[in-house]
Amino acid sequence: MDTSDSAPRSAASGKPLRAHALRNRNALLAAAREAFTAGEVNVRIEEIARRAGVGVGTLYRHFETREALIEAVYRGRVDDLCAMAPHLLATLPPYEALRAFLEQLIAHAAESQGMAVALQTLMDRRSAVFAQARADMVEAIATLMTAAATAGAIRADIAPRTFFLAMGGICASHDQPGWEAEAHTVVRLLLDGLRHTGRDDEPGPPP
C-alpha cells in the first residue's frame, strides 16, 4: 500500500521528510509524549528539545506551535491504538480481538489522564484532531465488529458508532477514583449484550 500521502512532512515546505529530519521528529514526539503522559503539562518547549537531543530551532521547524506538538502527540497515540485492530484480528479470533481492542481503548483513556490539561488546550481551540480521532476509532471498532459478526460471535444490528459512544461514556470517567476496574466490568457487560442475538422471539427472563 502506498503511504506517501500520509508520510510526515515539513511544516515549512510541506515536502516529505528526509531520514535525518524524520528521526528528529520522532525523537521530539517521543520526548513530548513521555512528558505529557507523565503529567508534565508545563514542561517547556526548550526542555522537550533537550530531551530529544535537538535544538529549539529544529523543534519549531517541525512544530510551529506548542499546540501543533500536542496535536501530533495525540494523533500518534490514536494511530498506535487503531493500528492494533488489524494486528489483533491476525492473531486472535474475532471476538477475542474485539475484547482485546476495547481493553486497549481503556488503557488509552488511562494514559490520556496525564495529558488532560494539555488536551484541554486543543478542546478550547476546537481542534479538528478530535473529530478525526473519533472517526478513526469508530472505523477500527467497525472492522472488529464486522469480523466478529461475520463469524457469528456477536449480533449484527448494533452500529459501531453506537458502541463507541457507550465506550466513550466509560472512558470519559477516567478522572474518577477506581474507574479503570469499573470500566473493564462495563466492557464485559457491553460484550455480553453484543453476544445476545436480540431476536424478538427469544424467551424473556423467568418471572
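The structure this text deals with has already been given above.
Being a predicted model, the structure only gives us computed values, none of them experimental.

Student: Is there a simple way to explain the overall build of the chain in this structure?
Tutor: A tally of regular secondary structure across the chain gives eight helices and zero strands. Each helix (α) and strand (β) of the chain, taken in turn from the N terminus, gives the series α-α-α-α-α-α-α-α. Taking all 207 residues of the chain together, the buried fraction comes to 35%. Long-range contacts, defined as pairs at least 24 residues apart, comprise 66% of the intrachain contacts of the chain with a sequence gap of at least 6. Roughly 11,900 Å² of accessible area belongs to the chain as shown, and the carbon and sulfur atoms make up 53% of that amount.

Student: Which parts of the structure should I look at to understand the packing of aromatic side chains?
Tutor: For the structure on display, the rule yields one aromatic pair. Ring centres 5.2 Å apart and planes at 55 degrees place the aromatic pair Tyr74 and Phe130 in the tilted group. With a gap of 56 residues between them, Tyr74 in helix α4 (residues 66–91) and Phe130 in helix α6 (residues 129–150) connect regions that are remote in the sequence.

Student: How do you make sense of the environment of Glu182 when you look at a structure like this?
Tutor: Position of Glu182 among the secondary structure elements: in helix α8 (residues 179–195). Sequence separation between Glu182 and Ile170 is 12 residues; the distance between their C-alpha atoms is 8.7 Å.

Student: Would you mind going over helix α7 (residues 160–171) with me for this structure?
Tutor: An α-helical segment advances 3.6 residues per turn. Residues three or four places apart therefore align on the same side. Over its 12 residues, α7 extends 16 Å from the first C-alpha to the last, a length consistent with the 16 Å expected when each residue adds 1.5 Å. Within the sequence span of α7, burial applies to Phe163, Phe164, Met167, Ile170 and Cys171. When α7 is viewed along its axis, its buried side chains cluster within an angular range of 110 degrees and face the same direction. Turned more than 90 degrees off the buried face of α7, the exposed positions are Arg161 and Leu165. Those residues of α7 hidden inside the fold are in contact with α5 (94–124), α6 and α8.

Student: Whenever I open this one, the packing of α5 against α8 confuses me. Can you help?
Tutor: A pair of packed helices is captured by two measures, namely the crossing angle of their axes and the spacing between those axes. It is the contact of α5 with α8, at a shortest axis distance of 11 Å, that shows an interaxial angle of 150 degrees. Classed by the angle they form, the pair α5 and α8 counts as roughly antiparallel. When you trace α5 past α8, the crossing you get is right-handed. Contact residues: α5 offers Tyr95, Leu98, Arg99, Leu102, Glu103, Ile106, Ala109, Ala110 and Gln113, while α8 offers Trp179, Glu180, Ala183, His184, Val187, Leu191, Leu194 and Arg195. Its residues assigned to classes, the contact of α5 with α8 comprises 11 nonpolar, two polar and four charged.

Student: What is the right way to read the pattern of salt bridges from this model?
Tutor: Close approach of charged atoms allows side chains of opposite charge to pair. What the rule picks out here adds up to nine salt bridges. The partner of Arg51 in a salt bridge is Glu47, with the nearest N and O atoms 2.8 Å apart. Of the two residues, Arg51 and Glu47 are both situated in helix α2 (residues 45–52); the distance of four residues between them amounts to about one turn of the helix. Classification of Glu47 by relative accessible area gives partly exposed; the value is 22%. Several salt bridges share partner residues, and in doing so they unite Glu40, Glu47, Arg50 and Arg51 into one network.

Student: How do you make sense of the packing of helix α1 (residues 19–37) against α5 when you look at a structure like this?
Tutor: At their nearest, the axes of α1 and α5 sit 7 Å apart, and the two run at 95 degrees to each other. Between α1 and α5, the interaxial angle falls into the category roughly perpendicular. On the side of α1, the interface is formed by Arg33, Phe36 and Thr37, while α5 contributes Glu111, Gly114, Met115 and Ala118. A class-by-class count of the residues in the contact of α1 with α5 yields three nonpolar, two polar and two charged.

Cut-offs applied
- Residues numbered from 1 in each chain as written.
- Predicted model: local features only at pLDDT ≥ 70, side-chain atom pairs only at ≥ 80, totals over all residues.
- Heavy atoms only, no water.
- Helix = DSSP H or I, 4+ residues; strand = E, 2+ residues; numbered from the N terminus.
- Buried < 20%, exposed > 50% of the residue type's maximum accessible area, 1.4 Å probe, protein only.
- Contact = heavy atoms within 4.5 Å.
- Areas by Shrake-Rupley, 256 points an atom, 1.4 Å probe, with all protein chains shown as cover.
- Phe/Tyr/Trp six-rings, centres within 6.5 Å; stacked < 30°, edge-to-face > 60°.
- Expected span 1.5 Å × (residues − 1).
- Arc of directions from axis to C-beta.
- Axes fitted to C-alpha atoms, helices over the stretch in contact; angles between N-to-C directions.
- Parallel < 35°, antiparallel > 145°, perpendicular 65-115°, else oblique.
- Left-handed = near helix turned anticlockwise from the far one by under 90°.
- Nonpolar A, V, L, I, M, F, W, Y, C, P; charged D, E, K, R; others polar.
- Salt bridge = Lys/Arg side-chain N within 4 Å of Asp/Glu carboxyl O.

By themselves these figures say nothing about function.
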